[in-house]
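Examining the three-dimensional arrangement
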Amino acid sequence: FLQTFNPHRRHRPALKVATCARLAATARALLGVEEVQLYQSCLFKKRAGDEATNWHSDLHTSPLDTNDFVTCWFPLHDLEADSTGLCYATGSHRDLALPMWYGQGFDADGRYELEDHGAYQAG
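In this report, the structure presented in the accompanying data block is examined. (Residues numbered from 1 in each chain as written. Predicted model: local features only at pLDDT ≥ 70, side-chain atom pairs only at ≥ 80, totals over all residues. Heavy atoms only, no water.)

With that out of the way, let us pick up the pattern of salt bridges. Tallied over the full model, the rule gives one salt bridge. For D50, the salt bridge identified is with R47, shortest N-O distance 3.4 Å. A residue is classified by how much of its surface remains accessible, and R47, at 39% relative accessible area, is partly exposed. (Salt bridge = Lys/Arg side-chain N within 4 Å of Asp/Glu carboxyl O. Buried < 20%, exposed > 50% of the residue type's maximum accessible area, 1.4 Å probe, protein only.)

Now the structure itself:
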């Protein structure tokens with residue numbers, strides 16, 4: 001897949017999405033804080049035929065000394081249930097000993113409750 005980091009710095013529509021009041025309010029509610037700050041935005045383009053993304057945690061890629069971090073993901077076009085949106089391993093963000101730190105092939109089945117939301121609507 002292709003990635004574009006911080007498109008909000010170059011494109012007005014991306015800035016509008018990245019600074020959306022609704023997203024900020026949701027992040028504040030999830031973190032239980034009065035203010036949040038945008039760390040970065042990223043646009044991922046997965047094409048038909050691209051391989052599935054391995055299990056991973058977004059937080060370890062950021063130079064932040066905190067667990068108070070929220071990642072927001074949404075598709076820019078509708079996804080059918082078989083188009084593989086996201087599958088979440090509930091609570092895995094708190095588990096710093098995940099084998100994925102030490103190599104590929106981590107299987108979350110049986111370790112966490114997995115949530116697959118099936119089809120997604122754009123935005």
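Before going further, it helps to spend a moment on the packing of aromatic side chains. Under the criterion given, the structure shown has three aromatic pairs. Considering the side-chain rings of W73 and Y120, the 5.1 Å spacing of their centres and the 75° angle between planes classify their relative orientation as edge-to-face. You can see W73 sitting in the loop between β2 (42-45) and β3 (87-90) and its partner Y120 sitting in the segment after β4 (113-116), a full 47 residues away along the chain. The class for Y120 is buried, based on a relative accessible area of 15%. (Phe/Tyr/Trp six-rings, centres within 6.5 Å; stacked < 30°, edge-to-face > 60°. Helix = DSSP H or I, 4+ residues; strand = E, 2+ residues; numbered from the N terminus.)

All right, on to the environment of V33 then. Within the fold, V33 resides in the loop between α2 (21-31) and β2. By relative accessible area, V33 is classed as partly exposed at 36%. Separated by 35 residues in the primary sequence, V33 and D68 have C-alpha atoms spaced 9.6 Å apart.

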